[in-house]
Every structure is written in structure tokens, then in C-alpha cells.
Amino acid sequence: MSALIVGAAETDALGRNPDQSVLGLNVEGGLRALADAGLEPGQIDGVAGAYSPHGVAHALGITPRWVDTTNVGGCSFLMHVRHAAAAIAAGHATRVLITHGESGRSRIGTVPRPRDPQSWTGQFEEPYGAKPPYTRFTLPAMRYLHDHGLDEVALAEVVVAQRRWSARVPRAGRRDLLSVEEVLAAPSLAWPFRVPMVCMLTDGGGGLVVTSAEHAPAAQRARAVHVLGTGEGADPLLVAQVPDPAGSSAARRAADDAFAESGLTRAEVDHVMVYDAFAHLPLIGLENLGLAPPGKAAELVGAGETSPGGSLPLNTNGGGLAYTHTGMYGMFAIQEAVRQLRHEAPAQVPGARTSAVLGFGGMFTAAAVLLLGRD
Amino acid sequence: MTTTATATEPYPVPRPTPETRPYWDATARHELVHHRCASCGSGTQHPRAICGCGSTALSWALCSGRGRLHSYVIVHRPEPVFAAEAPFVLAVVELDEGVRMTTRIVEVDPVPEALRLDMPVELRWLERGSVSLPVFAPSPEPAA
């Protein structure tokens, strides 16, 4: 892999923004990423996004020669980076703009999602009351906890650890430090998942510019982030049929492919972002990435190893649980990894040179991994 | 979490496609079936065109109606249409045939103390208008 991320930015507003549509958030995310890269729209020839990248391109005055509309849920943007790197290597595009915007809270300009009783989820999940993600993505969690001799305290400790990061991040939506006892005293949405164990619901967006060294703006080369390795995969559509309740075979395949491509060892990872729509995912994610043995991630979290000052700093913006979650969080996981590697993060990991980003999509339906680094 | 449901909306019920029609026709007879591969013996709740082993020798087979509690959550804040039923136990049951399915556990207090993973469960039926949904209730431990 020789692709570089030369532009990365989030929308100015994160949280509640009823004055912007989904399209507007995508456009702002794209414009800010271009400004960060020092590029004009006319210098972009490829576009990607989970929401109408061709529409976003038109709104920005971009005439793309390459378009990727991959939408497998919240990890789509990790796949866009991977696909962009491949397109650039193949000569199909030279500079790709990836955007995300979602009015998850205000629902301005969003595409309605009516029930589809003929779909598989409509036939085999929704009639039972399994529709909100906290009643579906969460279903395998008890099995994971049970098989490893863990309980709800392990989920609470994830929240406690991530609040230690978000407390240091001015833009984070949830910044109060919490104790395990306070997390376990919070109202239950779907036991064992309490409110702080479930992601935020926000408006926001962001953008990325991916290119090659040859086409990188000269002023950006020193702060460019290298795409060292990538992987992606998909699992069954129905969560009951996920082959392994300890996570996602797609995530493990994606991680193995990404590490093989990068040549990095697990021990060389300085910083980790795991898509955390729910509090069990950082545990399962660390294990799927091969950064913790099966069932052992909770010990690392409980011992403070993923907290500030620990050996495996994880979700350093506070994650989807405490920073922001528009509905498709993957863009924000990448943004935080780029900030950390540029040494521009509010809660900076000293000397971070490599970052592993794991995204999930759907209800364990898809997964993708990016390994990023700085010279 | 967004939903278009309101308290006055009818319960969501499955609408069969040609591929799933045999499954829902069977439930109307209070029979639970699964899609089974004659070559490798594995099964799934939903129909497949081809098995993971490569075989196309797939057909519908009757389930025993016995299984074990694989995993669950206790839903305290459901979609509005299900509000009157909360809290309820949403579960993954693994049938004796090795098939996993999303379902509910009924005839049990919706508290963690009553829901031991791997406890045996047996088939019941939940009537929703013209559709019968397979659900499960705790069953006595089989004799050792």
C-alpha cells in the first residue's frame, strides 16, 4: 500500500444541528477535508461515500472519473479508504474525496427507513421486537460474557475507561467521569445494556482526501498519514447466525489481511480505535484484532491499559459511547486515528506512530480494518 | 434510535417471499421447520440457494422444537408498538438441530436470575393476527 491520507476534517457542528441536512453535512465535511489538504474541488477526480457520493460531488463541483457508493453500515468509510487506495494504485483515480454526513438526531434530509416485512430482518427479527440496534447488535453479548466468565461489570468498565478519554476532549458529547457503580445504576435499555453503554445519537459529518505520494500536495507530505494495510469482510445478515458469538469472523479476516499487507506486528500498534456502538464491542474488537487473547480484553480494560497512560490506548476521543455517533461512526474513528498520528489530538497519545482502526457495520454484518502510520 | 412506529400501529408481522413461503406455511400449521443440507447436515432458519459446503441438496425439515438458550437481552425500552409488553426477553435460541434463531422466551420472569444460558427451552406459539410466531419457554432439564 502506498496511499496517503492528506486531508481529514470533521464538520464544525457535532451533536445537535437542525440547521443542516444530510447533504449539507456531507458537503461541509468534504469542503473542510479539502481545505485541510490544501486542494480545490477541481483537483479531485474520485468520490466515495455511503450517502449519494455523486450528489455530493455535484454539489461540490467535482466531476468524478471514479465513484464508490459502498454502504454496509458504519464501517463503510474504512472500506472507502481501502477501495480508494486500490483505485489509485490501478490508475482509476488520482485524488479521492470520501465524505460522511448524517442527521442522526435531527433527521433533516434523511432517507426514511420504512419497515420492510419481506426482508429477512422484517421476517425473522422485527416481529419479535428486535429492531432498535440496542436490541439486535447486543444480542450476542451475554453469550460472549458467559463463555469467558465475565458479567456486566466488564461492560461498565469499558464506559469508565472511555470517559477518562472523553473528559479530556472538548468536542466530546459525554464528558463526565463515571464509576462502575454509577454506570450499573443507570436505566436499562436492553439489559445488561444501560444508557451509558449505548452510543450517542448525533448530527455530524467529516471528510478524507486519499491520494498517492506523487499527487500529494507538497505542503502536506510531512503530515500525511500512510495507509499501511487494509482488510474487509462480511458475515450473515441475521445476528442470530453470526458464526462466533465472540464477535465477527469478518473482523478477524479483515484484521489478518490488514496486518499481512502492512508487515506490522501486533506489538507495533501504538493506538487503537474500535467501533463502539455498544460497550461489548471494544472488548470483542481488541480480541478480533489480535491485540488481546480471547476473553482477556476485559482484564486489560479493567487494569487501565486502554485508559490514558496505558499500554494500549483505545478510543481516545471517547468513542461512539462518549464522543459522537451519527449512526455511521466509522468516519469519526478514522478522524481520531489521523489526529493522533499527526499529533494534533486533544487527548494525545505521546509519540503515536501507528494506529489500528476496526469498524463494524450492520449488526455484525460487515467489518473493516485500517492500519495507519506516520513516517 | 429512530422508528416510525406509533402506539396505534399494528404489530409488524412477516410477509413471506416465494423463498420463505414454506417456513411461514409451516408455522400456520404450528410446525417449525428449517432449511437443511443433505450433504453436510448443517441447517439454517432461513432458506439458502446453496450450502456453505457447496451442496445444493437443501430442503425443508421439521424441527424437534427443543433447544437451548444461547444468548439474550431483556428489552426495557422497546419500539412504541411493543411498549405494553415490556420488559420482554429477546433471545437467540439454538435448536437441537444446530440452528440458531432470534425469538422470545415466554412463561418466565423477565429478570436475569430466571435466564440461565444453555437452559433447555421448548417451542410455544405467539399469535399475531393471522401469523403464528415460534417462541420458546423454559422446559425441564432432560434426565441425565
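As shown above, the structure is provided for reference.
All values reported here derive from a predicted model rather than from experimental measurement. (Residues numbered from 1 in each chain as written. Chains lettered and ligands numbered in written order. Predicted model: local features only at pLDDT ≥ 70, side-chain atom pairs only at ≥ 80, totals over all residues. Heavy atoms only, no water.)

### Section: the interface of chain B and chain A
The criterion, for reference: Residue contacts are counted whenever heavy atoms from the two residues lie within 4.5 Å of one another. Accessible surface is computed with a 1.4 Å probe, and the buried area is the amount of it that two parts give up when combined, taken over both parts together. In what follows, salt bridge is the name for a side-chain nitrogen of Lys or Arg lying within 4 Å of a carboxyl oxygen of Asp or Glu. Nitrogen and oxygen atoms within 3.5 Å of one another constitute a polar contact, given that in protein one can donate a hydrogen and the other can accept it, and given that sequence-neighbouring residues count only through two side-chain atoms. For the purposes of this entry, the term helix denotes a DSSP run of H or I that reaches at least four residues, the term strand denotes a run of E that reaches at least two, and both are numbered from the N terminus. In short, DSSP must find at least two bridges between two strands for them to pair.
Each partner contributes to the interface: chain B provides 45 residues, whereas chain A provides 42 residues. A combined buried area of about 3900 Å² lies between chain B and chain A, and 60% of that area is made up of carbon and sulfur atoms. Inspection of the region where chain B meets chain A yields two salt bridges. Here R115 of chain A ties to E79 of chain B by a salt bridge, and the two come within 2.8 Å at their closest N and O atoms. If you look at where chain B meets chain A, you find 17 residue pairs in polar contact (both at pLDDT 80 or more). Counting residues per element, the ones that place at least two in the side of chain B that touches chain A are helix 1 (21-28), strand 4 (66-75), strand 5 (88-95), strand 6 (100-105) and strand 8 (131-138) of chain B. Examining the composition of the side of chain B that touches chain A, we find that seven residues originate from one element, strand 4 of chain B, more than from any other. Bridge analysis of strand 5 (residues 188-191) of chain A against strand 4 of chain B gives two bridges, and the strand direction is antiparallel. Within strand 4 of chain B, the position partnered with W191 of chain A by the bridge is I74 of chain B.

### Examining the sheet that holds strand 4 (residues 95-103) of chain A
Residues and elements named next belong to chain A. Let me state the cut-off plainly: Between the N-to-C directions of two axes lies an angle of 0 to 180 degrees, each axis being a line fitted to C-alpha atoms and, for a helix, fitted only over the stretch in contact.
Here nine strands make up an open sheet; going across it, the order is 3-2-4-7-1-8-11-10-9 and the pairing mixed. For this open sheet the edge positions go to strand 3 (66-68) and strand 9 (271-274), each flanked by a neighbour on one side alone. Recorded for the sheet is a direction-independent mean angle of 25 degrees between the axes of neighbouring strands. As judged from the four bridges shared by strand 9 and strand 10 (residues 354-361), these two strands associate in the parallel manner. Bridge pairing in strand 10 links M273 to V357. Seen against the sheet, helix 8 (residues 249-262) touches strand 8 (225-234), strand 10 and strand 11 (366-373) and runs at an angle of roughly 150 degrees to strand 8. Packed onto the sheet, helix 12 (residues 330-342) meets strand 1 (3-10), strand 4, strand 7 (203-212), strand 8, strand 9, strand 10 and strand 11 and runs at close to 110 degrees relative to strand 1.

### A look at the pairing of strand 1 (residues 33-37) of chain B
The side chains of a regular strand alternate, residue by residue, between the two faces of the sheet. All names here are of chain B. To keep things clear, this is the line we draw: Partly exposed residues are those whose accessible area sits between 20% and 50% of the maximum for their type, while under 20% is buried and over 50% is exposed, using a 1.4 Å probe and protein chains only.
Counting buried residues in strand 1 gives four out of five residues, a clear majority hidden from the surface. As judged from the five bridges shared by strand 1 and strand 3 (residues 58-62), these two strands associate in the antiparallel manner. When the sheet's bridge partners are listed, R36 is paired in strand 3 with S59. Bridge count for strand 1 against strand 2 (residues 43-44) is two bridges, and the pairing is antiparallel. Looking across to strand 2, one finds that H35 is bridged to T44. Hairpin geometry of strand 1 and strand 2 is characterised by an intervening segment of five residues between the two adjacent antiparallel strands and by a positive phi of about 85 degrees at G41.

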